[in-house]
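The residues making up each chain are set out below.
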Amino acid sequence: MRRVLIAGGGIAGLTAALALLKRGIDVEVYEQAAELKEVGAGVQLAANGTRVLYALGVGEELKALSAETQAKEIRLWNSGETWKLFDLGPLSIERYGAPYFTVYRPDLLEVLARAVRREKADAIHLASRCAGFAQDDDGVTLRLESGATASGDALVGADGVHSRIRQALFGPDKPEFTGVIAWRGIVPMQRLPKHMARMVGSNWIGPGGHIVHYPLRAGKVMNFVGALERSDWRIESWSARGTREELIADFRGWHDDIQAFIREIDTPYKWALMVRPPLERWTVNRVTLAGDAAHSMLPFLAQGAIMAIEDGCVLARGLAEYGVPDALKRYENARKDRARRTVEGSAANIHRFHNPVLADPEEGRRFIDREWTSRGIADRYEWLFRYDATTVPV
Ligand SMILES: Cc1cc2nc3c(=O)[nH]c(=O)nc-3n(C[C@H](O)[C@H](O)[C@H](O)COP(=O)(O)OP(=O)(O)OC[C@H]3O[C@@H](n4cnc5c(N)ncnc54)[C@H](O)[C@@H]3O)c2cc1C
């Protein structure tokens with residue numbers, strides 16, 4: 001039986017592990033954290049992600065923990081004027097054959113980890129930081145920082161933006177700061193003004209920044225992401241904290257609903273948004289990359305985690321069908337253009353979401369009418385939502 005080693009037990013690593021185990025391929029996952037416990041943040045999962053999660057048998061479990069957001073809207077930063085972006089809920093199922101979920105990240109990881117352990121109880125090794133690997137024609141050996149080693153037929157670097165496996169394959173990382181930071185936080189819904197407690201995702205757009213909020217956990221919690229042009233913070237981390245005072249200062253002048261929201265965020269986290277030049281290749285013989293390790297992207301299409309989910313699915317389909325290293329090369333070929341297009345589409349949204357013209361109400365309205373035509377929205381999202389990782393050729 002073939003064995004695949006996976007560095008990183010995040011969204012990419014656990015989805016790949018589950019998809020491989022479901023196809024009868026043995027896996028071992030090595031995760032640096034001592035517990036699979038994430039800092040609180042939400043993640044939006046459009047139909048192209050939930051389609052895969054349903055195919056892997058975890059859709060209903062996730063549905064119970066998520067919020068089925070009914071629609072998304074654009075709002076003007078200071079007046080709160082509202083434009084429809086698209087309907088979701090039943091429409092997502094009718095149109096794309098799968099729902100749109102908004103999920104608390106720890107819930108998603110928990111559901112994936114439980115499903116992996118149902119397939120193989122001891123597949124996930126915690127407190128196991130990967131340091132490097134060696135490979136030859138017969139196999140690959142993963143080296144942990146503890147000095148321990150593990151052997152397999154293939155290795156998947158699913159170890160996130162700072163991937164050690166990527167660096168071992170292709171040399172030092174060259175991230176470039178975008179000049180934008182992202183604030184993140186969550187608030188129990190009952191602490192928000194009543195009129196804000198809606199099952200709708202809102203994108204507030206403004207000069208120099210934008211805010212996205214959407215419900216999680218059947219509407220019990222609201223997730224906040226506030227992106228802001230700021231050059232004094234360069235740390236790319238899920239766990240770096242800021243203060244509420246700093247967050248309030250960053251969004252001074254925004255609508256009262258935003259002020260009310262920010263005041264209730266107990267622990268705001270901040271993340272410096274970096275871009276990396278696209279990799280020419282993801283694979284060297286028996287070693288490949290998945291998720292952010294292969295294609296980190298700005299969160300402005302809300303697709304990074306979904307790309308990680310799609311990667312896991314396509315990789316497992318390739319490995320079920322072909323030998324190593326052929327399967328890894330086929331996986332890379334099947335995925336690379338789509339990932340690159342998503343990276344580019346996410347970056348293109350910066351100037352749509354933050355634009356100096358939004359400072360002026362009249363110009364701002366004209367800008368929104370021009371940028372969010374139904375044709376423009378369809379061009380930006382349809383190709384993402386319709387992709388089916390469970391059937392694309394590998
Ligand atoms: C503000 C913000 C909002 C976002 N919103 C969305 C959204 O709405 N929808 C969406 O689809 N995406 C969103 N994303 C993107 C998404 O979160 C990432 O694309 C996704 O987490 C990538 O998953 P991953 O498994 O590749 O990486 P990660 O989730 O970072 O997981 C990597 C794992 O590898 C482990 N690891 C790292 N190094 C090692 C090592 N040396 N050895 C062992 N383990 C290691 C880490 O501990 C971690 O568990 C957002 C991102 C940000 C910053």
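Refer to the structure above for everything that follows.
Our subject in this report is the structure included herewith. (Residues numbered from 1 in each chain as written. Predicted model: local features only at pLDDT ≥ 70, side-chain atom pairs only at ≥ 80, totals over all residues. Heavy atoms only, no water.)

1. What about the sheet that holds strand 17 (residues 287-289)?
In step 1: Here five strands make up an open sheet; going across it, the order is 7-2-1-11-17 and the pairing parallel. Each having just a single partner strand, strand 7 (124-125) and strand 17 make up the two edges of the open sheet.
In step 2: With three bridges connecting them, strand 11 (residues 154-157) and strand 17 associate as parallel partners. Residue pairing in the sheet places Gly 157 in a bridge with Leu 289 of strand 17. (Pairing = 2+ DSSP bridges. Helix = DSSP H or I, 4+ residues; strand = E, 2+ residues; numbered from the N terminus.)

2. Concerning the packing of aromatic side chains
In step 1: One pass over the structure, following the stated rule, counts twelve aromatic pairs.
In step 2: Their ring planes at 65° and their centres at 5.3 Å tell us that Phe 224 and Phe 261 sit as a pair that is edge-to-face. With Phe 224 in strand 15 (residues 221-229) and Phe 261 in helix 8 (residues 256-263), this residue pair connects regions lying 37 residues apart in the sequence. Both residues of the pair, Phe 224 and Phe 261, belong to the buried class.
In step 3: For the ring pair Phe 251 and Trp 254, a centre distance of 5.3 Å and an interplane angle of 85° mean the geometry is edge-to-face. Neither residue differs from the other here; Phe 251 and Trp 254 are each classed as buried.
In step 4: An aromatic cluster is defined as three or more aromatic residues linked by ring pairs; in this entry it consists of Trp 77, Phe 224, Phe 251, Trp 254 and Phe 261.
In step 5: Over the face of the ring belonging to Tyr 322 we find Arg 330, whose NZ or CZ atom lies 3.8 Å from the ring centre.
In step 6: Over the aromatic face of Tyr 387 sits the side chain of Arg 338, whose NZ or CZ is 3.7 Å from the ring centroid. (Phe/Tyr/Trp six-rings, centres within 6.5 Å; stacked < 30°, edge-to-face > 60°. Buried < 20%, exposed > 50% of the residue type's maximum accessible area, 1.4 Å probe, protein only. Lys NZ or Arg CZ within 6 Å of the ring centre and 35° of its normal.)

3. A word on the sheet that holds strand 16 (residues 269-275)
In step 1: Strand order in the open sheet formed by seven strands is 5-4-13-14-15-12-16, with mixed pairing between adjacent strands. Looking along the sheet, the strands with just one partner apiece sit at the ends: strand 5 (82-87) and strand 16. Put simply, the sheet's adjacent strands are angled 20° from each other on average, direction ignored.
In step 2: Across the sheet, helix 8 touches strand 4 (71-76), strand 12 (176-188), strand 13 (200-206), strand 14 (209-216) and strand 15, and the angle it forms with strand 15 is around 110°. (Axes fitted to C-alpha atoms, helices over the stretch in contact; angles between N-to-C directions. Contact = heavy atoms within 4.5 Å.)

4. Structural notes on the side chain of Asn 48
In step 1: Along the polypeptide, Asn 48 turns up in helix 2 (residues 47-55).
In step 2: Accessibility expressed as a relative area gives 0% for Asn 48, which makes it buried.
In step 3: Engagement of the side chain of Asn 48 in a polar contact is seen with the side chain of Glu 310, the distance being 2.9 Å.
In step 4: Within the structure, Asn 48 has its side chain in polar contact with the backbone oxygen of Leu 384 (distance 3.3 Å). (Polar contact = N/O pair within 3.5 Å; in protein donor to acceptor, adjacent residues only side chain to side chain.)

5. Thoughts on the pairing of strand 6 (residues 101-104)
In step 1: Going residue by residue along strand 6, you find Phe 101 and Val 103 tucked away on one face and Thr 102 and Tyr 104 tucked away on the opposite face as well.
In step 2: The sheet contact formed by strand 3 (residues 42-45) and strand 6 spans four bridges and is antiparallel. Its bridge partner being in strand 6, Leu 45 is matched across the sheet by Phe 101.

6. A closer look at the site of the ligand
In step 1: If you check the shell around the ligand, you find 31 residues, and the closest are Ala 12, Glu 31, Arg 105, Cys 130 and Asp 292.
In step 2: Ile 11 is positioned with one of its backbone polar atoms (N or O) 3.0 Å from an oxygen atom of the ligand.
In step 3: Between an oxygen atom of the ligand and a main-chain N or O atom of Ala 305, the distance comes to 2.9 Å.
In step 4: Burial of the ligand by the protein amounts to 91% of the accessible area it has alone, namely 990 Å².
In step 5: Put simply, the parts of the chain that give the shell around the ligand at least two residues each are helix 1 (11-22), strand 3, strand 12 and helix 10 (304-321).
In step 6: Looking at the shell around the ligand, the element that brings in the most residues is helix 10, giving three residues.
In step 7: For the shell around the ligand, the per-class residue count stands at 14 nonpolar, ten polar and seven charged. (Near = heavy atom within 4 Å. Areas by Shrake-Rupley, 256 points an atom, 1.4 Å probe, with all protein chains shown as cover. Nonpolar A, V, L, I, M, F, W, Y, C, P; charged D, E, K, R; others polar.)

7. Some thoughts on the pairing of strand 16
In step 1: Counting buried residues in strand 16 gives six out of seven residues, a clear majority hidden from the surface.
In step 2: Inspection of the sheet shows strand 12 paired to strand 16 by seven bridges, in the antiparallel sense. Among the inter-strand pairings, Glu 176 is bridged to a residue of strand 16, identified as Val 275.

8. Notes on helix 8
In step 1: Taken across its eight residues, helix 8 has six buried, putting it largely inside the fold.
In step 2: Among the residues of helix 8, those classed as buried are Asp 257, Ile 258, Gln 259, Ala 260, Phe 261 and Ile 262.

9. Here we look at the pattern of salt bridges
In step 1: With the rule as written, the count across this model stands at 35 salt bridges.
In step 2: Residues Glu 119 and Lys 22 are paired through a salt bridge, measuring 3.6 Å at the closest nitrogen-oxygen approach. Taken together, the residues Glu 119 in helix 5 (residues 105-119) and Lys 22 in helix 1 connect sequence positions 97 residues apart.
In step 3: Across the pair Glu 110 and Arg 114 runs a salt bridge, and its minimum N-O distance is 3.3 Å. (Salt bridge = Lys/Arg side-chain N within 4 Å of Asp/Glu carboxyl O.)

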